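# Observations on the model geometry
Next come the chains, spelled out residue by residue.
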Amino acid sequence: MATHNLNINISGRLTRHFFTPLLFIWAAPTRAGTRTRTRVLPIRCYLRRASNFSRRFSVVPSAASASGSPEWNIDERFDVIVVGGGHAGCEAALASARLGAKTLLLTLNIDKIAWQPCNPAVGGPAKSQLVHEVDALGGEIGKVADMCYLQKRVLNTSRGPAVWALRAQTDKREYAMRMKNIVESTANLCIREAMVTDILLGKNDNVEGVCTFFGMNFYAPSVVLTTGTFMSGKIWVGRTSMPAGRAGESASHGLTENLQRLGFETDRLKTGTPSRVDLRTVDFSGLEPQHGDEEVSWFSFDPDFHIEREQMCCYLTRTTKRTHQLIKDNLHETPTYGGWVEAKGPRYCPAIEDKIVRFQDKESHQIFLEPEGRNVPELYVQGFSTGLPERLQLPLLRTLPGLENCSMLRPAYAVEYDYLPAHQCYRSLMTKKVEGLFFSGQINGTTGYEEAAAQGIISGINAARHSDGKSLIVLERESSYVGTLIDDLVTKDLREPYRMLTSRSEHRLLLRSDNADSRLTPLGRELGLIDDRRWKVYQDKLARVSEEKRRLKTVRISGGDLAADVTRLSGQPVKDSSTLESLLKKPHIQYEILDKHGFGNGLLSRAEKQCVEIDIKYEGFIVRQQSQLQQMVHQQHRPLPPDLDYYAMTTLSLESREKLSKVRPQTIGQASRVGGVSPADITALLIILEANRRKAQEQMRHQVLASVRADSNQQSEGPLTETISS
Amino acid sequence: MALLPSLRSVITHQLHHRPPPPPPLLSIASFLFHKPKLRRTTCKNLSFSFSSSSKPITLNPLATPKDNTLVFKKDERLVADNGESEEKAGTFSTIAAIVTSIGGPPGAVGIVRLSGPMAVDIVGRVFKPVKKKKKKSSGSGSWRPTSHVVEYGVVLDRHGNVVDEVLAVPMLAPRSYTREDVVELQCHGSEVCLRRVLRACLEAGATFAQPGEFTLRAFLNGRLDLSQAENVEKLISAKSVAAADAALAGIQGGFSSLVTSVRAKCIELLTEIEARLDFDDEMPPLNLNLVMDKIHAMSQDVENALETANYDKLLQSGLQIAIVGRPNVGKSSLLNAWSKSERAIVTEIAGTTRDVIEASVTVCGVPVTLLDTAGIRKTDDIVEKIGVERSEAVALGADVIIMTVSAVDGWTSEDSELLNRIQSNKKSTESSTPMILVINKIDCAPSASNEWNKVGNSFNEHVFTCAVTGQGIQDLETAIMEIVGLHQIPAGGRRWAVNQRQCEQLMRTKEALVRLKSSIEEELPLDFWTIDLRDAALALGQISGEDISEEVLSNIFGKFCIGK
């Protein structure tokens, strides 16, 4: 381990202060030279990815782009370049810029920064935890969602606090606009429209910058790719397809092939979005309304962003017999059953035809109608994505109660895109092949704005740290949903879009929304993303909660209205001189009861009272889980040397030798989660590690002694430097 | 110490004369500073002084572990309240096993050993020192032994009955074989005593040790030297044991079918509950009463199994010997002759025995279960086919395999084929079960012992018998004892180990279900139920460490119509 520490420091310093300027001077012209290779003229039909000639754009080989003589070059050097302005890209760029790195955000279309192309909603089970965690680290998604919500509801309220989930319907346009304003007004952050087509490599397989379609080179020691659905994206409506990243926006071409050329494995995924209808043509009178919560909850831990707004209503409708019949009659017209799209879609987000085919016995499926904004008439038809051709989509919508006379504004479509299986990344989200290159968001095979934002902030932090020569950070699985998400991505060989679910975390009870700040804000502070004001807000809250818990432990009551009320609600007797704490531990007793009888603490906010209540009510469970986790952590966080030759380990099963070589886990715990690796393999691995350690120790001691002996005899140190460096 | 000045000169030398590659410096540094903490800081300082003055060094990106800052912070809110949470957690769980040989003639003393961070706590729960009764009348179970001081006392089971009187030898870390806290309980040598003491320890929270696990820990904790390391690798046959256990459990019943079905029920319940947690608004509400009924039924099953299982009877089964061979070589006759019974039906027709038939004998005081199997051959008869499959599974799980051939037919090609099959099975599970060749029907053929020496290489021993007259059975018993004596079957017969493991699984499950029931009684919300259900499912796993999340998720997606 010691030797590696050394390497990092050297490489970091050099890339920042030494390497980059040097390389820039003589590397730039060379690169420009290679850019002049001819490209193939437009081909209208889309050929399979296999051929490298399928580019439909033309570049006229011009002398201008080739002769980038230094004196004409405006300084296009940055510390970090973020490619893509979606939810991953924004968080990455913001985190990086806020950490002081000179950051460039390259996007295909500045007007579409932070666009929500699917459901304009943030949060939901497990996803809300991600949003809270990103916010606790100093990210943006939670604040923006808090500012432009149309409706907010806490789901799962009848369950325990670990699965409470805040979900916000957001105003699509306002969301994008606010995020764009934030990105535009952040210091150290430049924005530019560009289509990145290639990665510039340095001598040591390190990234040096990117190259755009129109022949620009931008230089930085760290590059974050957040390509979303744009990389060789192709959208489908029925049997008809066109190259596009999403409806109305061109795809990004060329980057996939160039990444493949660098040795990256790519694959294809599919996702879809339902049609939008004009809400003025919908008859809501017979539909079940779904109102927002009366008392609104917040994603952000920063009270400055807690501004209440008027809420809008969602509605519920259902599929009918006619819906099912129409789909059954036209199954051959859908991509899955017609068999012309083979890319895998997510299981948790099936098209309506999949639901109807797979669950024949279900007579009806719920459909949610959700507004997309305060000033637009569009209505999102949740649960109704389909691969049917456009001519059938309106008839299909009109089979739904309330939508009998609706008009459709946008058709449902599916999108197919390239992603890079994330086992090619470390848990810092830096790629294993190219130093300084980071991947985030759908390029890693996830779906969802929240998943993207979570990866974005981590890659942004690490990209900035890398450019500054600092060590990279990895959130352990046990620390957060963010850590769990990334650990799953890089460890498991995932072949369908990955969505966060609470059941993916083994430590759900400890990774709650209410404690996201006390888990991660200290880290955010340490990294430099939490400013003094926010830090004080956090510390004050922590102090108040702690003080209140102390108070509840000491204040005792005997009899009285409170005791009577508690007895009635919990069905349990209240002993004389009970502490308030012991009352809170009883079933069905919430902090509000204390408030009601004047035993509460008016200084506390609702969220703070909730913290107090959770800590007290579930103390036994939390403490037990915590100690289980600590026990595990000791074993699981043992690091694995990165250069292990798994193929040489004959005591491992063949399958695990293969899988471990591919994934190259960083810790024992990660190794044990790789598919196909059995506990016996882990034992064998531990034995080999220990044996190697001792062998190395022996060897080292032996050689040092020998050389010292040689050195004291005759002043030659030659053999020493040669032999040990192995 | 005399070396130090010269070493220092090496360092200064190198720094002044030319910028050498980093590793040698480091190795010297680490040699100088034995404590790892010191080592790290030294390296950093060195590297800084270094990088400012040197040319770029080619780095292999694969070998640069950029990700060296792993972040796992504790929840500050928890830390603020509880102060530092206790650091009792070691690297490993606490394991227990009988470490003296069993299966041979009973010795005067046998030892149950526990190792791990909780060893003292666990012994404290089962062991009551006899002297100083009045001094520690509180009986809170906080046993605080002095390392390497023997204490006399009794072991109690969970009902408080005395199991055995024992000497407890505490050896606290690091002054022990495994460098963990070790407690050895010296009991009376009888197998039943030893196993009851072990069971008490397992009930108090220890885990049943895998074969060779004590030695493994000793090695991993830096105890054994490197030359012994190679032996450790051989010692760890966890893989083969697990495979054989699974094969054996499949045919032997025991608790295995119960374990499997309870696990399936746990997963099913988890699926139901988890689906509601992640897809709240899309699912029909859960019928809580139904769930509760299922949980109650499940825990009743487990409890009954543990109560009624005649544990002591189970304890007394020792070695397991499988008799295999092609059809009609006299396997069943051998079993009958050996067990002096008519346990197996014997006819002239090949393929008479179709299922596994058991008979018990005692060899030199060791209880032995003989398993007569269907003759192994290719067959289209469905019943016989299943019999053949079972034969192979039995052979895989047995402690000794007896392969029977007929002296009348000599060594045939079918015999070779069969032998190959057994050996490749053994190879795939990496087991090294000893094999004995029995040449039967010796009365019907002239003994040409030379012929058998050739094939004898594959076997540990070969014996001539006549199942009809009982001739040669004595020789066979001697051969077995010799082999068993050589091979030292770890922790008793394998069959016992299988059942012991299942028993432990059920015990853990019971505990989890008890906790689950109390969660329900305390009216804790649904998601708290999953914590203990998960624990139960994990305890029941055939192979520990399996990924329950994925299994539950694919069940959810398979079973429910979910997603928007």
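Keep in mind that this is a model prediction, so the values were computed, not measured.

Criteria and cut-off values
- Residues numbered from 1 in each chain as written.
- Chains lettered and ligands numbered in written order.
- Predicted model: local features only at pLDDT ≥ 70, side-chain atom pairs only at ≥ 80, totals over all residues.
- Heavy atoms only, no water.
- Helix = DSSP H or I, 4+ residues; strand = E, 2+ residues; numbered from the N terminus.
- Buried < 20%, exposed > 50% of the residue type's maximum accessible area, 1.4 Å probe, protein only.
- Contact = heavy atoms within 4.5 Å.
- Areas by Shrake-Rupley, 256 points an atom, 1.4 Å probe, with all protein chains shown as cover.
- Axes fitted to C-alpha atoms, helices over the stretch in contact; angles between N-to-C directions.
- Parallel < 35°, antiparallel > 145°, perpendicular 65-115°, else oblique.
- Nonpolar A, V, L, I, M, F, W, Y, C, P; charged D, E, K, R; others polar.
- Pairing = 2+ DSSP bridges.
- Left-handed = near helix turned anticlockwise from the far one by under 90°.
- Salt bridge = Lys/Arg side-chain N within 4 Å of Asp/Glu carboxyl O.
- Core = buried A, V, L, I, M, F, W, Y, C linked by side-chain atoms within 4.5 Å.
- Phe/Tyr/Trp six-rings, centres within 6.5 Å; stacked < 30°, edge-to-face > 60°.
- pLDDT = per-residue confidence, 0-100.
- Expected span 1.5 Å × (residues − 1).
- Patch = residues over 30% accessible without salt bridge, like charges linked within 9 Å, V, L, I, M, F, W, Y side chains within 5 Å.
- Disulfide = S-S within 2.5 Å.
- Polar contact = N/O pair within 3.5 Å; in protein donor to acceptor, adjacent residues only side chain to side chain.

What follows deals with the overall build of chain B. For chain B, the helix and strand inventory stands at 20 helices and 14 strands. Across the 564 residues in chain B, those meeting the buried criterion constitute 52%. Taking the contacts inside chain B whose residues are at least 6 apart along the sequence as the reference set, 68% of them involve residues at least 24 apart. In the structure as shown, chain B presents an accessible area of about 25800 Å², 54% of it carried by carbon and sulfur atoms.

Per the secondary structure count, chain A includes 24 helices and 24 strands. Here chain A, with 726 residues, has 62% of them falling under the buried criterion. For chain A, long-range pairs separated by at least 24 residues make up 71% of all intrachain contacts whose partners lie at least 6 apart in sequence.

Turning next to the packing of helix α12 (residues 449–467) of chain A against helix α13 (residues 481–491) of chain A. Residues and elements named next belong to chain A. Here α12 crosses α13 at 90°, and the two axes come no closer than 10 Å. Relative to α13, the element α12 is oriented roughly perpendicular. Two secondary-structure elements touch here, α12 through Glu-451, Ala-454, Gln-455 and Ile-458 and α13 through Val-482, Leu-485, Ile-486 and Leu-489. For the contact of α12 with α13, the residue count by class is six nonpolar, one polar and one charged.

This part is about the sheet that holds strand β19 (residues 408–410) of chain A. All names here are of chain A. A sheet is described by the order of its strands in space; here six strands give the open sequence β15-β16-β17-β18-β14-β19, paired in antiparallel fashion. Both edges of this open sheet fall to β15 (288–290) and β19, since each of them pairs with a single strand only. Taking each pair of neighbouring strands and ignoring which way they run, the sheet shows an average axis angle of 35°. Contacting β14 (276–278), β18 (378–382) and β19, helix α11 (residues 390–397) crosses the sheet at an angle of about 135° to β19.

In this section: the packing of helix α3 (residues 87–98) of chain A against α12(A). Residues and elements named next belong to chain A. Where α3 meets α12, the closest approach of the two axes is 7 Å, and the angle between their N-to-C directions is 30°. In terms of orientation, α3 lies roughly parallel with respect to α12. Relative to α12, α3 is oriented so that their crossing is right-handed. Mapping the contact onto sequence places His-87, Ala-88, Glu-91, Ala-92, Ala-95 and Ser-96 in α3 and Tyr-449, Ala-452, Ala-453, Gly-456, Ile-457, Ser-459, Gly-460, Ile-461 and Ala-464 in α12. Counted by class, the contact of α3 with α12 contains nine nonpolar, five polar and one charged residues.

It is worth spelling out the pattern of salt bridges at this point. All names here are of chain A. Counted by the stated rule, this structure contains 71 salt bridges over all chains. Glu-450 is paired through a salt bridge with Lys-127; the nearest N and O atoms lie 3.3 Å apart. Here Lys-127 lies in helix α4 (residues 127–136) and Glu-450 lies in helix α12, a separation of 323 residues in the sequence. The same class applies to Glu-450 as to Lys-127, namely buried. Between Glu-655 and Lys-659 there is a salt bridge; the shortest N-O distance is 3.3 Å.

This part is about the sheet that holds strand β20 (residues 413–419) of chain A. Residue and element names in this part refer to chain A. Ordered by their spatial adjacency, four strands build an open sheet running β12-β11-β20-β13, and the pairing between neighbours is antiparallel. Since the sheet does not close on itself, it has two edges, and those belong to β12 (240–243) and β13 (267–273), each with one partner. Taken pair by pair, the neighbouring strands of this sheet meet at an average axis angle of 25°, ignoring direction. Pairing of strand β11 (residues 234–237) with β20, which is carried by three bridges, proceeds in the antiparallel orientation. What sits directly across from Trp-236, in β20, is Ala-414.

What follows covers the nonpolar core. Counting residues in each nonpolar core, the largest one holds 176 residues, and the members touching the most others are Ile81(A), Leu225(A), Leu437(A) and Leu185(B). The greatest single-element share of this core, amounting to ten residues, is contributed by helix α10 (residues 256–278) of chain B. Other than its neighbours up to four places away in sequence, Leu225(A) contacts Val83(A), Ile199(A), Leu255(A), Leu259(A), Leu437(A), Phe438(A), Phe439(A), Ser440(A) and Ile443(A). Within the second largest apolar cluster, 25 residues are counted, among which are Ile668(A), Val677(A), Leu686(A) and Ile688(A).

For any two aromatic rings, the description comes down to two numbers: the centre-to-centre distance and the angle of the planes. Using the criterion set out here, one finds eight aromatic pairs over all chains in the structure. Centre to centre, the rings of Phe284(A) and Tyr315(A) are 4.3 Å apart; their planes meet at 35°, and the pair counts as tilted. Here Tyr315(A) lies in strand β16 (residues 314–318) and Phe284(A) lies in the loop between β14 and β15, a separation of 31 residues in the sequence. Relative to Phe528(B), the ring of Tyr618(A) lies with its centre 4.6 Å away and its plane at 25°, an arrangement referred to as stacked.

Turning our eyes to something else, we now look at the confidence of the model for chain A. All names here are of chain A. For chain A, per-residue confidence averages 86 on the pLDDT scale, and 88% of positions sit at 70 or higher. Segment residues 61–68 is flagged for pLDDT under 50; beyond a separation of four residues in sequence, or across chains, it makes seven contacts in the model. Considering only residues more than four positions removed or in separate chains, one finds that residues 716–726, a stretch of pLDDT under 50, has 16 contacts.

Moving on to the pairing of β12(A). All names here are of chain A. Strand direction decides the pairing type here: β11 and β12, joined by four bridges, are antiparallel. Following the sheet pairing, Lys-234 is matched in β12 by Pro-243. In textbook terms, the turn of a hairpin is the stretch between consecutive antiparallel strands, and for β11 and β12 this stretch comprises two residues, one of which, Gly-238, has a positive phi near 60°.

Attention now goes to helix α15 (residues 532–554) of chain A. Its 23 residues place the ends of α15(A) 33 Å apart at the C-alpha level, agreeing with the 33 Å of an ideal helix rising 1.5 Å per residue. Those residues of α15(A) that fall on the buried side of the exposure criterion are Arg534(A), Trp535(A), Tyr538(A), Lys541(A), Leu542(A), Val545(A), Ser546(A), Glu548(A), Lys549(A) and Leu552(A).

Right, let's talk about the pairing of strand β8 (residues 207–212) of chain A for a bit. All names here are of chain A. Counting buried positions along β8 gives six out of six residues, so the element sits mostly inside the fold. Here strand β7 (residues 196–201) runs beside β8; their pairing, made up of five bridges, is antiparallel. Bridging across to β8, Leu-200 finds its partner in Gly-209. The turn linking β7 back onto β8 is made up of five residues, and Asp-205 within it adopts a positive phi angle of 55°. Direction of pairing for β8 relative to strand β9 (residues 217–219): antiparallel, over a ladder of three bridges. Counted as the bridge partner of Gly-209 is Tyr-219 from β9. Taking the residues between adjacent antiparallel strands as the criterion, β8 and β9 are bridged by four residues, where Gly-215 takes a positive phi near 90°.

In the segment running from Ala173(B) into Pro174(B), the intervening peptide bond is cis, with an omega of 0°. With respect to the helices and strands, Pro174(B) occurs in the loop between β6 (162–171) and β7 (182–188). With a phi angle near 65°, Asn156(A) is a residue other than glycine that sits in the positive phi range. Mapped onto the fold, Asn156(A) is located in the loop between β4 (149–155) and β5 (165–170). The exposure class assigned to Asn156(A) is buried, which follows from its relative accessible area of 2%. Positive phi outside glycine occurs at Arg664(A), with the angle close to 50°. Within the secondary structure, Arg664(A) sits in the loop between α21 (654–663) and α22 (668–673).

What follows covers the confidence of the model for chain B. Residue and element names in this part refer to chain B. The predicted model of chain B averages 72 in pLDDT, with 68% of residues at 70 or higher. Mean pLDDT values for the elements of chain B range from 36 in helix α3 (residues 36–51) up to 92 in β7. This model gives residues 1–67 a pLDDT under 50, and the stretch forms 108 contacts once residues within four places in sequence are excluded. This stretch, residues 486–492, has a pLDDT under 50; its non-local contacts, to residues over four places away or in other chains, come to 13 contacts. Two numbers describe this predicted complex: its pTM, 0.76, and its ipTM, 0.77.

The next subject is a nonpolar patch on the surface. Taken together, the side chains of Val130(B), Val150(B), Tyr152(B) and Leu167(B) define a hydrophobic patch exposed on the protein surface, amounting to about 310 Å² of accessible area. Mapped onto the elements of the fold, Val150(B) is located in the loop between β4 (127–129) and β5 (151–156).

Let's shift gears to the environment of Trp338(B). Residues and elements named next belong to chain B. Examined against the element boundaries, Trp-338 turns out to sit in helix α13 (residues 331–339). Taking the C-alpha atoms as reference, Trp-338 lies 7.3 Å from Gly-470; in sequence the two are 132 residues apart. With residues up to four places along the chain from it excluded, the contact list for Trp-338 reads Ile-321, Val-361, Val-363, Leu-370, Ile-402, Ile-473, Leu-476, Glu-477 and Ile-480.

Think of a disulfide as a covalent bridge from one cysteine sulfur atom to another cysteine sulfur atom. For the structure shown, the criterion picks out zero disulfides over all chains. In this model Cys313(A) remains outside any disulfide bridge; the closest cysteine sulfur is found in Cys314(A), 6.5 Å from its own.

Here we come to the side chain of Thr170(A). Residue and element names in this part refer to chain A. By the element assignment, Thr-170 lies in strand β5. Relative accessible area serves as the criterion here: at 0%, Thr-170 is assigned to the buried category. Polar contacts involving the side chain of Thr-170 include one to the side chain of Gln-116, which spans 2.9 Å. Contacts of Thr-170, omitting those with residues within four sequence positions, involve Gln-116, Pro-120, Ala-121, Val-122, Ala-145, Cys-148, Tyr-149, Leu-150, Tyr-175 and Glu-372.

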